[in-house]
Amino acid sequence: MDFTNVTKALTARGFKVSSFETAKEAAEYLNTQIDGATVGFGGSITLEELGLYALLSGHNTVFSHWHLPEGGDAAALRAQAAGSEHYLLSANGIAETGEIINIDGAGNRVASAIYGHKKVWIVAGKNKLAPTYDEALWRARNIAAPKNAQRLHAKTPCAVKADHCYDCKSPGRICRALTVLWGAMMGSDMEVVLVNEDLGY
Ligand code: SF4
């Protein structure tokens, strides 16, 4: 996939952008960029597929509620992640016009994407891209969210077939907030790491 247009659009909106052909190359890059720091992870299949928890844990202090130690407290880990110097997450949809969309249930991931870190890294495979804002929004709601609901065994209509969003009112609804980054937040350092492979959903 050609990242030229999305790179231009993201750059114009204040994001740094780096792009790689493979997940392995992207992981190696991040492993060189983040060193001797505290690092928070948002829940992300993409980050798992890059093997970043193990890589970065070798020379950073990494907080990920998906890697809960025996007897650990997920809420405490989320709070520690929120207070970290670096924060890593993926996106549920990125428009080639530069908007970055995320849907969240607990809110830790979208809150940390917006505020509170020395640097935020948004890692995304080519499958997260859509030509327009409307199509990226559609993707986030109808592809990413139902697949996440299915993964979490949520008691929601979308989790049965992961076919589309039913805009449910279920108690188990995982879609509680939607954020659109129209640009890098003021005073922030945000880098989008694009990978020319399908990663996560
Ligand atoms: S709003 Fe409900 S039906 Fe739609 S994706 Fe989220 S959990 Fe599934």
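Residues numbered from 1 in each chain as written. Predicted model: local features only at pLDDT ≥ 70, side-chain atom pairs only at ≥ 80, totals over all residues. Heavy atoms only, no water.

A. Local environment of the side chain of Ser84. Within the secondary structure layout, Ser84 lies in the loop between helix H5 (74-82) and strand E4 (86-89). The buried category is assigned to Ser84, whose relative accessible area is 2%. Within the structure, the side chain of Ser84 is placed 2.9 Å from the backbone oxygen of Gln80, a separation counted as a polar contact. Setting aside chain neighbours within four positions, we find Ser84 in contact with Thr38, Val39, Gly40, Phe63, Gly116 and His117. (Helix = DSSP H or I, 4+ residues; strand = E, 2+ residues; numbered from the N terminus. Buried < 20%, exposed > 50% of the residue type's maximum accessible area, 1.4 Å probe, protein only. Polar contact = N/O pair within 3.5 Å; in protein donor to acceptor, adjacent residues only side chain to side chain. Contact = heavy atoms within 4.5 Å.)

B. Layout of helix H2 (residues 23-33). Those residues of H2 not exposed but buried are Ala23, Ala26, Ala27, Tyr29 and Leu30. Along the long axis of H2, the arc covered by the buried residues comes to 160 degrees, so they all point the same way. Along H2, exposed side chains directed more than 90 degrees from the buried face belong to Lys24 and Thr32. (Arc of directions from axis to C-beta.)

C. Just unusual backbone geometry, in detail. Despite not being glycine, Ala162 has its phi angle at roughly 50 degrees, a positive value. Secondary-structure assignment places Ala162 in the loop between helix H8 (158-161) and strand E9 (177-181). Even without being a glycine, Asp167 presents a positive backbone phi close to 45 degrees. By the secondary structure assignment, Asp167 is in the loop between H8 and E9. When its relative accessible area of 38% is taken as the criterion, Asp167 is described as partly exposed.

D. Structural detail: the pairing of strand E10 (residues 190-195). Of all the six residues making up E10, six are buried; the element is thus mostly covered by neighbouring parts of the structure. Here E10 shows two buried faces, one formed by Met190, Val192 and Leu194 and the other by Glu191, Val193 and Val195. Bridge count between strand E1 (residues 16-20) and E10: five bridges; the pairing is parallel. Within E10, the residue paired with Ser18 across the bridge is Val193. As judged from the six bridges shared by strand E7 (residues 119-125) and E10, these two strands associate in the parallel manner. When the bridges of E10 are listed, Ile122 appears paired with Val192. (Pairing = 2+ DSSP bridges.)

E. A look at the layout of surface pockets. The space that makes up the largest pocket amounts to roughly 490 Å³. What lines the largest pocket is a set of 28 residues, among which Gly43, Asp104, Arg109, Asn148 and Arg151 lie closest to the centre. At the level of elements, helix H3 (45-49), strand E6 (100-104), helix H6 (108-114) and helix H7 (133-151) are the ones that each hand at least two residues to the lining of the largest pocket. Considering every element that reaches the lining of the largest pocket, the biggest residue donor is H7, with five residues. Class assignment for the residues of the lining of the largest pocket results in 12 nonpolar, 11 polar and five charged. (1 Å grid on protein atoms, 1.4 Å probe; cavity = no way out; pocket = protein on both sides within 12 Å on 5 of 7 lines; lining within 4 Å. Points joined across faces, edges and corners; volume = space filled by probe spheres on them. Nonpolar A, V, L, I, M, F, W, Y, C, P; charged D, E, K, R; others polar.)

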